[in-house]
Amino acid sequence: EDKVVQSPLSLVVHEGDTVTLNCSYEVTNFRSLLWYKQEKKAPTFLFMLTSSGIEKKSGRLSSILDKKELFSILNITATQTGDSAIYLCASSTSGTYKYIFGTGTRLKVLA
Amino acid sequence: EAGVAQSPRYKIIEKRQSVAFWCNPISGHATLYWYQQILGQGPKLLIQFQNNGVVDDSQLPKDRFSAERLKGVDSTLKIQPAKLEDSAVYLCASSPDRNQPQHFGDGTRLSIL
């Protein structure tokens, strides 16, 4: 059965810290891995990764995919209280383009 | 551009009642998804449409859930009859096509009493 596992489940840090969120996957016909940020409402898209070893970066956030070891990480540097959210990763499959989400990592950044 | 619109925002019903949710995707988006997100879990795909055709409904409990996307634009998701375990947030998402990231609506929070 296809699955996506995220760790840690929750994390509390102080402003200015750097955090690394993990996402591992076991998916048949893997196509891409996506990261979303979910605050109180809709998940918002952060990154889509399809190739191994190529870092994607947006401001203080960056992500990379390892297709050999079947995982991805999301890094957030110099965290701010506004980074407090649930971070979701999802895998998509070729063919049906079915998306499977992990349970998320709940990040809380303290001032 | 306008985002994905969903209504209602909240719904409270008793078990065995019926409920319907509505979704208006971003204009021009061919692919539409309905997800169920139970508290503390990630979104679970219920059904995926490509234009007005169903691509994947393998996780849709078809004995009680139904969905349609008439004319390939708006979509409705119905539950009849509702069970306690259906309490969740129902998220609608759309994308320009199936290999593009999805844009989510704010969801409908459903509580079953």
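As the structure is a computational prediction, the values presented were derived from the model and not from experiment.

A.B. asks: Whenever I open this one, the overall build of chain B confuses me. Can you help?
C.D. replies: Along its length, chain B carries 0 helices and 11 strands. Going residue by residue from the N terminus, the α and β elements of chain B occur as β-β-β-β-β-β-β-β-β-β-β. Relative to the compact-globule value of 13 Å for 113 residues, chain B shows a C-alpha radius of gyration of 13 Å, a close match. Projecting the C-alpha coordinates of chain B onto the three principal axes gives extents of approximately 35 × 25 × 25 Å. Relative to its 113 residues, chain B shows a buried fraction of 45%. Partitioning the intrachain contacts of chain B with sequence separation of at least 6 by distance along the chain shows that 53% fall at a separation of at least 24. Summed over its atoms, the accessible surface of chain B is roughly 5,400 Å², and 49% of this surface lies on carbon and sulfur atoms. One finds the centroid of the 13 positive side-chain charges in chain B at a distance of 5 Å from the centroid of its 11 negative side-chain charges.

A.B. asks: What should I look at first to understand the environment of Arg64 of chain B in this one?
C.D. replies: All names here are of chain B. Following the sequence through the fold, Arg64 ends up in the loop between strand S6 (53-56) and strand S7 (65-68). Take Arg64: its relative accessible area is 10%, and that puts it in the buried class. Through-space distance from the C-alpha of Arg64 to that of Gly28 is 30 Å; in sequence the pair is 36 residues apart. Setting aside its immediate chain neighbours within four residues, Arg64 contacts Lys78, Ile79, Gln80, Pro81, Ala82, Lys83 and Asp86. Polar side-chain contacts of Arg64 include one of 2.9 Å to the backbone oxygen of Pro81.

A.B. asks: Looking at this structure, how should I read the pattern of salt bridges?
C.D. replies: It is possible for side chains bearing opposite charge to pair when their charged atoms get close. What the rule picks out here adds up to 4 salt bridges over all chains. Here Lys37 of chain A and Glu39 of chain A are joined by a salt bridge, their closest N and O atoms 3.9 Å apart. With a relative accessible area of 14%, Lys37 of chain A lands in the buried category. Residues Arg64 of chain B and Asp86 of chain B are paired through a salt bridge, measuring 2.5 Å at the closest nitrogen-oxygen approach. Residue Arg64 of chain B is found in the loop between S6 and S7, and its partner Asp86 of chain B is found in the loop between strand S8 (75-79) and strand S9 (88-95); the two are separated by 22 residues along the sequence.

A.B. asks: What should I look at first to understand the nonpolar core in this one?
C.D. replies: One recurring pattern in soluble globular proteins is that nonpolar side chains are buried together. Residues and elements named next belong to chain A. Counting residues in each nonpolar core, the largest one holds 22 residues, and the members touching the most others are Tyr25, Leu33, Trp35, Tyr87 and Leu107. For this core, the secondary-structure elements that each account for two or more residues are strand S3 (19-26), strand S4 (30-38), strand S5 (43-49), strand S7 (61-66), strand S8 (71-76), strand S9 (85-93) and strand S11 (105-110). If one sorts the elements of this core by residue count, S3 sits on top with 4 residues. Apart from residues lying up to four places away in sequence, Tyr87 is in contact with Gln6, Leu21, Tyr36, Lys37, Leu46, Leu74, Ile76, Gly104, Thr105 and Leu107.

A.B. asks: Just to check I follow, could you spell out the interface of chain B and chain A for this structure?
C.D. replies: Quoted interface sizes are often the accessible area lost when the parts come together. Counting residues at the interface gives 23 residues for chain B, matched by 18 residues for chain A. Counting each side, the surface lost to burial between chain B and chain A is near 1,700 Å², with a carbon and sulfur contribution of 54%. Where chain B meets chain A, there are 5 residue pairs in polar contact (both at pLDDT 80 or more). If you list the elements that add at least two residues to the side of chain B that touches chain A, you get strand S4 (31-37), strand S5 (44-50) and S6 of chain B. At 3 residues, S4 of chain B tops the list of elements feeding residues into the side of chain B that touches chain A. Counted by class, the side of chain B that touches chain A contains 8 nonpolar, 11 polar and 4 charged residues.

A.B. asks: Please clarify how the environment of Tyr87 of chain A should be interpreted in this entry.
C.D. replies: Residues and elements named next belong to chain A. Structurally, the position occupied by Tyr87 is in strand S9. The class of Tyr87 is buried, set by a relative accessible area of 0%. Sequence separation of Tyr87 and Thr103 is 16 residues, and the distance between their C-alpha atoms is 8.9 Å. From its side chain, Tyr87 meets the backbone oxygen of Asp83 in a polar contact 2.6 Å long.

A.B. asks: Just to check I follow, could you spell out the sheet that holds strand S1 (residues 5-7) of chain B for this structure?
C.D. replies: What holds strands together in a sheet is hydrogen bonding between their backbones, with the strands either parallel or antiparallel. Residues and elements named next belong to chain B. Ordered in space as S1-S3-S8-S7, the 4 strands form an open sheet in which the pairing is antiparallel. Because the sheet does not close on itself, it has two edges, and the strands there are S1 and S7. Neighbour to neighbour, the strand axes of the sheet diverge by 15 degrees on average, direction disregarded. Here strand S3 (residues 19-24) pairs with S8 via 5 bridges, running antiparallel. Counted as the bridge partner of Val19 is Ile79 from S8.

Cut-off values and rules
Residues numbered from 1 in each chain as written. Chains lettered and ligands numbered in written order. Predicted model: local features only at pLDDT ≥ 70, side-chain atom pairs only at ≥ 80, totals over all residues. Heavy atoms only, no water. Helix = DSSP H or I, 4+ residues; strand = E, 2+ residues; numbered from the N terminus. Rg over C-alpha atoms; globule rule 2.2 N^0.38 Å. Buried < 20%, exposed > 50% of the residue type's maximum accessible area, 1.4 Å probe, protein only. Contact = heavy atoms within 4.5 Å. Areas by Shrake-Rupley, 256 points an atom, 1.4 Å probe, with all protein chains shown as cover. Lys, Arg positive; Asp, Glu negative; His and termini not counted. Charge placed at Lys NZ, Arg CZ, Asp CG, Glu CD. Polar contact = N/O pair within 3.5 Å; in protein donor to acceptor, adjacent residues only side chain to side chain. Salt bridge = Lys/Arg side-chain N within 4 Å of Asp/Glu carboxyl O. Core = buried A, V, L, I, M, F, W, Y, C linked by side-chain atoms within 4.5 Å. Buried area = accessible area lost by both parts, 1.4 Å probe. Nonpolar A, V, L, I, M, F, W, Y, C, P; charged D, E, K, R; others polar. Pairing = 2+ DSSP bridges. Axes fitted to C-alpha atoms, helices over the stretch in contact; angles between N-to-C directions.

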